[in-house]
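Listed here are the chains, written in short residue letters.
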Amino acid sequence: MANVRDYFKNREKRDDKVKGISYREKIRSHKFMIFYRTILILLLAVATTAALVIQWKNKVYTESVVVSSIETTIPPNSKILPFSGYILSYSKDGASCLDSKGNVIWNETFEMQNPMIDICQNVVAIGDYNGRNIYVMDTNSILGEIVTNKPIRSFSVSEKGIVEAVLDDSNVTWIYLYDTQGEELVYFRTTMKDSGYPFSVAISPSGKLVSVAYLFADSGEVKSSVAFYNFGLVGQNYTYNFVNGYDYLNSVVGYTHFLDDKTLFAVADDRIMFFSGAEIPTSTAERLLNEEVHWIHYGKEYVGLVFISTDSGNRYRLDVYNKSGQLSQSIDFDMEYLDIVFADDQIIIYNESECKVYNMEGLEKYSGRFEKNVHLLIPTSSPYKYTLVTEDSIDTIELK
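The structure contained in this document is the topic of the report that follows. For clarity, every value in this text was computed on a predicted model and none was experimentally measured.

**With respect to the packing of aromatic side chains**
Ring pairs (aromatic) are described by centroid distance and by the angle formed between their planes.
Phase 1 of the analysis: Considering all chains together, one arrives at 21 aromatic pairs under this definition.
Phase 2 of the analysis: Seen from their ring centres, tryptophan 174 and tyrosine 176 are 6.3 Å apart, and the 50° between their planes marks the pair as tilted. Each member of the pair, tryptophan 174 together with tyrosine 176, is buried.
Phase 3 of the analysis: Seen from their ring centres, tyrosine 255 and tyrosine 298 are 6.5 Å apart, and the 35° between their planes marks the pair as tilted. In this pair, tyrosine 255 sits in strand β18 (residues 253-260) while tyrosine 298 sits in strand β22 (residues 295-298), placing the two residues 43 residues apart along the sequence.
Phase 4 of the analysis: The exposure class assigned to tyrosine 255 is partly exposed, which follows from its relative accessible area of 27%.
Phase 5 of the analysis: Linked through ring pairs, Tyr255, Phe265, Phe274, Tyr298 and Tyr321 together constitute an aromatic cluster.
Phase 6 of the analysis: Just above the ring of tryptophan 174 sits the side chain of lysine 150; from NZ or CZ to the centre is 5.4 Å.

Below, the structure is given as structure tokens:
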């Protein structure tokens, strides 16, 4: 009997042990099942999101719909430009800034023979070639007026309203930096003999870095130099604030521009160059060009060069470079155009009557005609929605 009782006691212990192991295994199995189910749901969500993004990126639009229209009148003989989401209108007689509803933000009158303009984000400078006045405004108000003591040849403005101006003085050319109130911040002289003529100037958005493309001729040879000046703390340790420079023999550097505070590109007759550095810019990329550049366009992240196309079916070719200097896309198109706009993942080519929209992979997302003659197209904060300035209205359209 004792053995029987011992047997059943030991059997109960073994059964309890087996039951305990089975229960723990069930909990562990349940946890693994929840884990794998969560992973599966996350993978499905990622796959669905990726599919929707790809579908959106590859979506082709077939029509444009006017969602709003406001009557307005653009002064005759005026040129209009996009201005950080606003509309800038200027002529020999003055300039004005309008919002997308046609409201006048500011208006400035002046008299100029050959008005020149430079825009840096939400700041604009307007001056008269060979004149002595430069007006500085932002999207809210008129910031100030600069009166120079020598004739103006060219200028560039920063996001802070600092203006770099090239002033002529017979055999000497001066480069001045002014604040918005016209106070001289710094200046230095250049001569054809020592450095060459300042053919193109650019100032960084912060106003700390200045780039000057000099053109120099000697014994029948042409040479260009791209010089960098730093007017911050680092530049104080260098003579005349000159921190770096590059020479290009038999090249004419005709255009320079800062994309941001540490990225500049320059275009010559035979190459495009990219420079990077917040304190001492250095050359990061250089691409030789075998064709003549006809137009230059740029956005915050990309630079576009337009060439006459060798493709018999198209008139033009647009080569798009990213900020690193890599050729990211080439687009052939067959239309005369007013402007090419880079907006986020879009490349917009348009004229008064028609428009083409591409993504950065070169896919044509839209091709269509406008209902009215369009003088200006401005992207909005909503994808594939644009503000159009026509002869008598400001319209907002959306692609469908």
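**Details of the sheet that holds strand β24 (residues 316-322)**
Phase 1 of the analysis: Strand order in the open sheet made by the four strands is β22-β23-β24-β25, with antiparallel pairing throughout. At either end of the open sheet lies a strand with only one pairing partner, and these are β22 and β25 (327-333). Within this sheet the neighbouring strands show an average axis-to-axis angle of 20°, counted without direction.
Phase 2 of the analysis: As judged from the seven bridges shared by strand β23 (residues 302-308) and β24, these two strands associate in the antiparallel manner. By the bridge assignment, tyrosine 302 is partnered in β24 with asparagine 322.

**Quick look at the pairing of strand β6 (residues 115-120)**
Phase 1 of the analysis: As judged from the six bridges shared by β6 and strand β7 (residues 123-128), these two strands associate in the antiparallel manner. Bridge pairing links proline 115 to aspartate 128 in β7.
Phase 2 of the analysis: What sits between the antiparallel neighbours β6 and β7 is a turn of two residues, in which glutamine 121 has the positive phi angle 55°.

**Things to note about the side chain of threonine 387**
Phase 1 of the analysis: Following the sequence through the fold, threonine 387 ends up in strand β31 (residues 385-390).
Phase 2 of the analysis: Not counting residues up to four positions away in its chain, the partners in contact with threonine 387 are Ser100, Leu376, Leu377, Ile378, Thr380, Ile394, Asp395 and Thr396.

**Points about the sheet that holds strand β12 (residues 172-178)**
What links the strands of a sheet is backbone hydrogen bonding, and the strands pair in either a parallel or an antiparallel sense.
Phase 1 of the analysis: The strand order across the open sheet formed by four strands is β10-β11-β12-β13, and the pairing between neighbours is antiparallel. Here the strands that pair on one side only, and so sit at the sheet edges, are β10 (152-157) and β13 (184-190). Adjacent strand axes in the sheet meet at a mean angle of 20°, parallel and antiparallel pairs treated alike.
Phase 2 of the analysis: Pairing between strand β11 (residues 163-169) and β12: seven bridges, direction antiparallel. The residue bridging valine 166 from the neighbouring strand is isoleucine 175, located in β12.

**Considering a negative patch on the surface**
Phase 1 of the analysis: Where like charges cluster on the molecular surface, the negative patch consists of Glu71, Glu352, Glu391 and Asp392.
Phase 2 of the analysis: Tracing the chain through its elements places glutamate 71 in strand β1 (residues 64-71).
Phase 3 of the analysis: Here glutamate 71 falls in the exposed class, since its relative accessible area comes to 76%.

**Considering the pattern of salt bridges**
Phase 1 of the analysis: Applying the stated criterion across every chain yields a total of 13 salt bridges.
Phase 2 of the analysis: In this structure, arginine 271 engages aspartate 270 in a salt bridge whose closest nitrogen and oxygen atoms are separated by 3.1 Å. Residues arginine 271 and aspartate 270 agree in their burial class; the two are buried.
Phase 3 of the analysis: Aspartate 395 is the salt-bridge partner of lysine 372, the closest N and O atoms lying 3.6 Å from each other. Of the two residues, lysine 372 is situated in the loop between β29 (364-369) and β30 (374-379) and aspartate 395 in strand β32 (residues 393-399); the sequence distance between them amounts to 23 residues.
Phase 4 of the analysis: Overall, lysine 372 belongs to the partly exposed group, its relative accessible area being 35%.
Phase 5 of the analysis: Residues joined by salt bridges that share partners form a network here, namely Asp260, Glu301 and Lys323.

What counts and how
Residues numbered from 1 in each chain as written. Predicted model: local features only at pLDDT ≥ 70, side-chain atom pairs only at ≥ 80, totals over all residues. Heavy atoms only, no water. Phe/Tyr/Trp six-rings, centres within 6.5 Å; stacked < 30°, edge-to-face > 60°. Buried < 20%, exposed > 50% of the residue type's maximum accessible area, 1.4 Å probe, protein only. Helix = DSSP H or I, 4+ residues; strand = E, 2+ residues; numbered from the N terminus. Lys NZ or Arg CZ within 6 Å of the ring centre and 35° of its normal. Pairing = 2+ DSSP bridges. Axes fitted to C-alpha atoms, helices over the stretch in contact; angles between N-to-C directions. Contact = heavy atoms within 4.5 Å. Patch = residues over 30% accessible without salt bridge, like charges linked within 9 Å, V, L, I, M, F, W, Y side chains within 5 Å. Areas by Shrake-Rupley, 256 points an atom, 1.4 Å probe, with all protein chains shown as cover. Salt bridge = Lys/Arg side-chain N within 4 Å of Asp/Glu carboxyl O. Lys, Arg positive; Asp, Glu negative; His and termini not counted. Charge placed at Lys NZ, Arg CZ, Asp CG, Glu CD.

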